Structure formats: C-alpha cells, structure tokens
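Spelled out, the chains give:
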Amino acid sequence: MTARAFFAPLVAVFTVAIAHAAGAHPLDAQVVRVQIDERAPFAGGHAFGDTGPYEKIVGRLHIEVDPDDPANERVSDLGLAPTNERGRVEVWTDFFLLKPADPGRGNGRLLYDVANRGNKVALGTFNGGGGNDPATAADAGDGFLMEEGYSILWSGWSGDVAAGNDRVRIGVPVARNADGSAIVGRIYAELESTVYGLYIANVLEPDSDAATRRYRSLPFDWGSSLPYPSVATDNGRATLVKRPARGAKGVEIPRDEWSFGRLENGAVVPDPTWVHVEEGFEPGWLYDLVYEGKDPRVTGLGLAATRDVISFFRYASDEEGPRANPLAGSVEFAYGYGGSQSGRFLHHFVYEGFNADLEGRFVFDAIMPHVAGAGKGIFNHRFGQTTRHGSHHEEGLYPSDFFPFNSVHQADPVTGASGSMLDRARASGHVPRIFFTQTSTEYWSRAGSLLHTDVEGTVDAGLDPSVRIYLIAGTAHNSMTGGVYQSPVNRATTRPVMRALLVALDRWAAEGVEPPESRYPRIDNGTLVDLEAFRAAWPAVPGALAPEDFYRPRRLDPGPRWAAEGIADHVPPRAGPAFGTLVPMVDADGNEVAGIRLPHVAVPLATYTGWNLRDASWGAGGMLTRWMGSYLAFPRTEAERSSQGDPRRSVQDRYPSHAAYVAEVQRVCRELVAGGYLLERDAAALVREAADREW
C-alpha cells in the first residue's frame, strides 16, 4: 500500500471537516450564572502606576452548551454528553481575575492567560512575578501588566487537571453510549522512569539500587493530570512493551512480570492508575502501555468553554443578577497568551474555528502562542491526554504535531492532504492577529520550523498577513518565566522581548500599526539548516558535543474517525514517515545568527543554545532533554583559551575593556528599541546589568 493510500481516510475526513463554514447562531450567551467566591483588593491596595490599585475576583462560571448549535459541532462526543431539562450540556469553570479597581484607569484590554496544566503563567512571563494564588505586590513582579492597565484572566479548560495548588479547573461531563452504557476504549500511555524520577521522586519508592533510579512502580499520569484508570487491575487485556528509544525494536514484558499496582511500604497494592514492573523500569527507556479504560471526558468542551468565557467577560453587560459581569463595559479588545502547552491550545483553538462567539463576534482580537513549536494538541479527542506532546525522545506517538502547520495553504505530498491552520477562521471571518514566539528549543525539540517551511523542510513557506513569527535567539524553552540569570544551563530570559511584542501586538490589533517584522531563520538565506550543516558549523568547544539528532514528528494515523470525530481506532497510532524539520544556523561561537538577538547573543560572553544532551546515567544517552538549553562560557583570557584548546575567541580578545563591552550592549539595545523588539525601560535595565556585571 502506498503512503498516500495509507492516509487517504484521514485526508477525506479532514477535507470534509474544513468544508463546514460557520452558520447563523442563536443569540444565546452560554454563561448562565456567575459565582463569586472571593472579591478583595489585590496586593493590599498597592497602586500600579497611572492605573492605580487592582482588585482580585475569584469564582466559578456555570455554562450551558447547546449540542445542536452549529458553533459547537466541532466538539467531539458532545452529542453523547448528558443534557439538562433545557437540552443543554452543563459545564463549570474556575476563574481568577485581576482588574483595575477603577475601570476608567485601565487600558480596556483583557489579557487571557491560558492556564498551563491549571497553573498561572502570564505574570511570570511579562512581570517576573507569579504564583498560583497571586495576592501580593511581590507576586506582581515589577507590575508591568498592571502599569499597562490590563485586566488579567485565568479559567479552566483542561478536564484532566488534578485539584490542588490553587490550579484553575474545569468540570466537563463524561460521554456515554446512546443507550446510557459506559464507553470503553483502548488507551495508549507512555511511561518513562527518568521523567517521574526527576519530578515526583519524593512519592516513589525506588528499589535498593537507588543510584540508577530503577523505580519499580510508576503512575501513568503526567503533569498534574488525572489519568484514565484501567477498567480492571487484572492485566489480561493489556500489554506493556519496553524499548530504549522510539526507533528501537520493542520487547513485550510477560504479564506475570508486571501488574496494575504501586509499591506501598514494600508491598504491591493494586491500583488501576499505576504500573508495577517486578524487575524495575530501565532508566530512560520508553514503556508503551495499551489498556482498556472507560468514561471519556468530553475534552473538547474546554475549547467551547474558553470561547464562552472570553465572550462573557468581553461582551456581557449585566452589572447585577446571576450573570453580573465584573468587567461589564470595560473591555474593548481581548488578547490570548499561552506558553508551551497553553500556546498549543491557542493554536488549536483558532485551527478548530472557535474564535467566533455565538453571535458571530470576535473572541480574541489577537493571540500570542509562546514556545509552542508548530504543535497543536490532543485537546478535542476521546480519551484525550491533553498534557502529552511529542519530543525528541519522549511521547513520539502522541498526535500533538499534525498537519496543517502553515498559516497559508500547503500540501502534503505523502498523504495528499492540503489546507492551512487558519482555514476555519477564514471561513467564518474571524482570523486574529497572531504572534508565534519561539525559543531555540522549539526548533530542536518541538518542530518549530514546520510553522514556516513546507512539510519536507525544503523551501520557505509564506505567512498569512495576520501572522508574525519571532525566534528569540539563544534562549531555551524553560526560560519563559525565569530571571536573566538562573541556572548555569539557562541564563537568558525571553521576558524583555515578550513585553515589547505585547505592546506591538496591542498597537497592531487596536490601532492598525504594523508590528516589527518577523525574525526567524530561513532556508533561502542559509540561517535554517539541516543537522549536517549545523554540525559542520558547530565550534569544537571542549566537552560540548553537538547533537546527533533532534525531533522530527512522524505522520501519525489514529484511524479514519480521528479527524472528524476525535476517536482513535488504531491504538497506539500507526506511524508513517517523519516530517522534515530544520534547526537554526550558528556563527563561529555557536550562537544563532537569525532571530531577535538580545545582548547575551549579540554581545556575547558565552555560547547559548536551546538544546542540551541527556546525561548517559539517565539512560538513552545522546538524546536531547525536552526543555533545557546550554550555557558555555567563553575563555576569559588568551592564555585560558590556548590551554583549553577552545576555538572561540576569548573575552579579553573581544572587548578591550569593560567600558567597550557596555558600549556594545548599548548599541545593540538602541537597535532593538528602534526595531520594536525591546522597550526603553528594558533596554536601560539590560545596560545596567552589563555595567554591573563582574569583569
């Protein structure tokens, strides 16, 4: 069978699904009741610049979704959800709102921060503050968003977020068969001991050989998620296969050597959400579990609920009563921000056509998917695991990175599919302004190049006029909320650029002012290259090996019902050929030559990368870590350079004096400010940091 024939059912379903244009919608707001649980001054009434004090409002929105409304036809399994006496599907979502106490002193903008696994991120990204229950001036960081006058909103959207840690959650119903019986289906879950050993080692019981992190029991949740339990603790209808890497041949573990259970006080306790392997999990190996689960949540209601939440806060006019809107009459424009998983959610939200509310109005005027690569997600599918996403080593069989990727029409010569990620938004007339912002990591670990090349990685693709793409050179995925100087492997933050781009996005959406031109690596000018070209250019820094591979997502086929109904018939998906991905080219120092080059790259004292290799002790040596970058300091003197055999110029040779170094930082900052990539306030801060830097 040819590859085109293999994927033909998917292509047909995708084509039919895209063909549905938005129709007329009833004038029926779906938020039916607002529940206020807390309303108090924020940060003790601290005044933020000209905006003044802020108010904190915490509560819950109760929503009713009409399964017969064409606006909701893309929600998978919605027709199988229980309905109330009005024929509506009931949903609730937590919300957390920070708003100017005096709306007249705000800027009329609502910034919606898509919660990341229930966690609040935007204050860290833009302000340098954060926390899941922001309450103090310290939580507001330097108060940038407040000084700008934004109302900042969080709500739940992912039905598998576990309670706790002040996360915002959503309550979505369980789908059932038409006869009322439980839906049972096969589910795929990947387990890897390294991930859980790093993040939740305190709740696991390693065996006596703790040095190898050979855990004997692992849960099959990930990222504070609620997994779908096995229908039984008997593993007779389940399989468990292990392999050192995704491309290696798997070895099935006999059923009498593993069980659904966890270690507790040295004994194995049956548990339908854990796997126990008697010999222990090989560190870093991948374990593919296929089992039967039941009661799928209607995951796609998170998309519809987000649409309705933003529409309510933006347009609802009631100031009293059950639908009293705390922002009534104060929102002119609404913007969506999301980092990592949340950025993929925004991409998917627009792709699915949810940027029009029930009355045909814009939901978001503009969105900023940050560090999302080219991915969308498993956000509208039966038994969807919303936290999962492909990367170089882990989770390559989760369909988070799927065609189409471009904002303009593209075709896949392997499958025959065609289209763009904006087709549904164009059909309804609700294309928002979009800034895709990336770190270097997204090119190495999240297939970021597919946003702006063909699917084979051979030519540059165009961009829709509504889209801009920015690479923040020399930064890593997990720098999106960090300080300028953090750990030795992750010292560069994206914050200064993100603040400037938010200002530019606002001016573009609200005033029609053209934003800064896109800055990202391209094939046509040699700044976006294949791995061979990158390795040839990489300087032979002592002890710093270049990657031997990187993430290339596979064309995955979950079956003929996946695209239109969100139901997987092939579990795990059948894997076809990989898409062609590329990485940014580097200069003689190993720093990237394309993108927005902040002073740490343009006036460097080190090499900054968006990739880092896993230590061999983790297993699967040579693989890339998922989110970490590298920091490789230059030799300070010529003598040090010579003794180390470092091909990079020394700091002494680059800058005749500290004053000369600071002057170069000033020059670069002036250029970035002039281009719209940096604000004056942040340029001044970067110059001060350079001046204060130990020399």
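Residues numbered from 1 in each chain as written. Predicted model: local features only at pLDDT ≥ 70, side-chain atom pairs only at ≥ 80, totals over all residues. Heavy atoms only, no water.

Undergrad: Sorry if this is basic, but what is going on with the sheet that holds strand S9 (residues 239-243) here?
TA: Strand-to-strand pairing in sheets goes through backbone hydrogen bonds, with the strands running parallel or antiparallel. One open sheet holds the four strands; their spatial order is S7-S15-S9-S10, and the pairing between them is antiparallel. Both outer strands of the open sheet, strand S7 (184-191) and strand S10 (251-252), are each paired with one neighbouring strand and no more. Looking at chain direction, S9 and strand S15 (residues 286-294) are connected through five bridges and run antiparallel. Across the sheet, residue Leu240 finds its bridge partner in S15, namely Leu289. (Pairing = 2+ DSSP bridges. Helix = DSSP H or I, 4+ residues; strand = E, 2+ residues; numbered from the N terminus.)

Undergrad: How should the nonpolar core be read in this particular structure?
TA: Grouped burial of nonpolar side chains is what soluble globular proteins tend to show. Ranked by size, the top nonpolar core spans 66 residues in total, and within it Leu153, Leu301 and Phe313 carry the most contacts. Of the residues forming this core, the biggest block, eight residues, is contributed by helix H5 (residues 301-315). Apart from residues no more than four positions distant in its own chain, Phe313 is found in contact with Leu61, Phe95, Leu97, Leu110, Leu153, Asn325, Pro326, Leu327 and Val331. Core analysis: the next-biggest nonpolar cluster, separate from the first, contains 57 residues, Ala115, Tyr655, Val665 and Cys669 among them. (Core = buried A, V, L, I, M, F, W, Y, C linked by side-chain atoms within 4.5 Å. Buried < 20%, exposed > 50% of the residue type's maximum accessible area, 1.4 Å probe, protein only. Contact = heavy atoms within 4.5 Å.)

Undergrad: Mind showing me how you'd approach helix H16 (residues 680-692) here?
TA: Count 3.6 residues to each turn of an α-helix, and residues three or four apart come out pointing the same way. The end-to-end C-alpha distance of H16 is 18 Å, a good match for the 18 Å that 13 residues give at a rise of 1.5 Å each. Of all the residues in H16, the buried ones are Asp682, Ala683, Ala685, Leu686, Val687 and Ala690. Where the residues of H16 are buried, they touch helix H9 (495-511), helix H12 (599-602) and helix H15 (658-675). (Expected span 1.5 Å × (residues − 1).)

Undergrad: What exactly am I supposed to notice about the packing of aromatic side chains here?
TA: Note on aromatic pairs: each is described by the distance of the centres and the angle between the planes. If you walk through the whole model with that rule in mind, you get 35 aromatic pairs. Taken together, a centroid distance of 5.2 Å and an interplanar angle of 40 degrees make the contact between Tyr188 and Tyr398 tilted. Here the residue Tyr188 occupies a position in strand S7, and Tyr398 occupies one in the loop between strand S17 (366-370) and strand S18 (410-411), the gap between them amounting to 210 residues. Overall, Tyr398 belongs to the buried group, its relative accessible area being 4%. Judged by centre distance (6.0 Å) and plane angle (55 degrees), the ring pair of Trp444 and Trp611 falls under tilted. Of this pair, Trp444 sits in helix H8 (residues 441-445) while Trp611 sits in the loop between strand S26 (606-609) and strand S27 (630-633), placing them 167 residues apart in sequence. We note that Trp444, like Trp611, is buried. Among the aromatic residues, ring-to-ring pairing joins Tyr112, Trp157, Phe345, Phe349, Phe354, Phe364 and Phe379 into one connected group. Between Arg60 and the ring centre of Trp92, over which it is positioned, the NZ or CZ distance is 3.5 Å. (Phe/Tyr/Trp six-rings, centres within 6.5 Å; stacked < 30°, edge-to-face > 60°. Lys NZ or Arg CZ within 6 Å of the ring centre and 35° of its normal.)

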